[in-house]
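A structural walkthrough
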Amino acid sequence: MRLLLTNDDGILAQGLECLCTAAEALGEVTIVAPDREQSATSHSLTLHHPVRPIRRGERRWQVDGTPTDCVMLAIEALMPERPDFVFSGINHGQNMGEDVLYSGTVAAAMEGLSLGVPSIAISFAGGDLRADVSRLKEQIKVLQPLLKHLTSLPDFPRDTLFNVNLPPLAADEVKGVRLTRLGRRVYSESVAPMKDPWGRQIYWIGGGEITWSGEPDSDFRAIEEGYVSVTPLHLDLTYFDVLEGAATWWRDL
Ligand SMILES: [Mg+2]
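Residues numbered from 1 in each chain as written. Predicted model: local features only at pLDDT ≥ 70, side-chain atom pairs only at ≥ 80, totals over all residues. Heavy atoms only, no water.

This part takes up the environment of His 49. Here His 49 lies in the loop between strand S2 (28-34) and strand S3 (53-55). Owing to a relative accessible area of 47%, His 49 belongs among the partly exposed residues under this scheme. Along the chain, His 49 and Ile 90 lie 41 residues apart, while their C-alpha atoms are 28 Å from each other. (Helix = DSSP H or I, 4+ residues; strand = E, 2+ residues; numbered from the N terminus. Buried < 20%, exposed > 50% of the residue type's maximum accessible area, 1.4 Å probe, protein only.)

This part covers the coordination of the magnesium ion. The magnesium ion binds to the protein through Asp 8 (OD), Asp 9 (OD), Ser 39 (OG) and Asn 91 (OD1), with metal-donor distances spanning 2.1 to 2.3 Å. As a motif over one chain, the donors of the magnesium ion read D-D-x29-S-x51-N. Highlighted residues: Ser 39 in the loop between S2 and S3 and Asn 91 in strand S5 (residues 85-92), separated in sequence by 52 residues. (Donors = N, O, S within 2.8 Å, 3.2 Å for Na, K, Ca; no water.)

Turning our eyes to something else, we now look at the sheet that holds strand S1 (residues 2-6). The strand order across the open sheet formed by 9 strands is S3-S4-S2-S1-S5-S6-S7-S13-S8, and the pairing between neighbours is mixed. Edge positions in the sheet fall to S3 and strand S8 (176-179), since each of these pairs with one other strand and no more. Geometrically, the sheet is characterised by an average inter-axis angle of 25 degrees between neighbouring strands, direction not taken into account. Relative to strand S7 (residues 160-166), strand S6 (residues 119-124) runs parallel, the two being bridged by 6 bridges. (Pairing = 2+ DSSP bridges. Axes fitted to C-alpha atoms, helices over the stretch in contact; angles between N-to-C directions.)

Packing of helix H2 (residues 67-78) against helix H4 (residues 104-114) brings their axes to within 8 Å, and their N-to-C directions diverge by 25 degrees. Between H2 and H4, the crossing angle belongs to the class labelled roughly parallel. Every pair of crossing elements has a handedness; the one defined by H2 and H4 is right-handed. In this structure, H2 contributes Pro 67, Thr 68, Val 71 and Met 72 to the contact, and H4 contributes Gly 104, Ala 107, Ala 108, Glu 111 and Gly 112. Broken down by class, the residue content of the contact of H2 with H4 amounts to 5 nonpolar, 3 polar and 1 charged. (Parallel < 35°, antiparallel > 145°, perpendicular 65-115°, else oblique. Left-handed = near helix turned anticlockwise from the far one by under 90°. Contact = heavy atoms within 4.5 Å. Nonpolar A, V, L, I, M, F, W, Y, C, P; charged D, E, K, R; others polar.)

What follows is the structure, encoded as structure tokens:
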């Protein structure tokens, strides 16, 4: 099995090394990852200047681009044969609820799907990684059998990626794996006004309080209760319920 690994925290991130350790037992690993942190770059593609891959070992490249650039470059140019799966992560921080709309980790998996390769995004729902890095490494024991299971599914769902979140627990404290739906995240005071060194007004986006809500079967609840959450996400964002219900809206148009 050929496995393409990438992330949005950069090629030096601990999470990528942990994912590599988990993946090497499953197949031949190729890493193509950004040369620096690209968190929250979502599905952006570098169109206005070239990107340059630099070889960092056998089947390992760093790229001065986004996670999406990395997946596209790997599949279209760097790998002699197409991968069987794209694994993206392990992201330093959860990707639950609306996070998936901003996440470079999830977008890289979505790019894999767009190019016809089944993909899995993996995130570690720990807060301060400096405190939790040992727990992140612990999660290799949880992740490896899960990846083995998902990649062995007789019918990996078409145009679908699995978004995996790992709880910040020791491996023997994890209660199990739950199939989940996306929860809802609420940021408050996420735009912080401040002054630059010259006294001019600036704003720092991304701080503030995060609160979560969600049904008992949501990703957030699973993590809160000590489970690994696995949420299937579909490439087609069409909301079919509205499409059917809205058919009458156009009758008099
Ligand atoms: Mg990240």
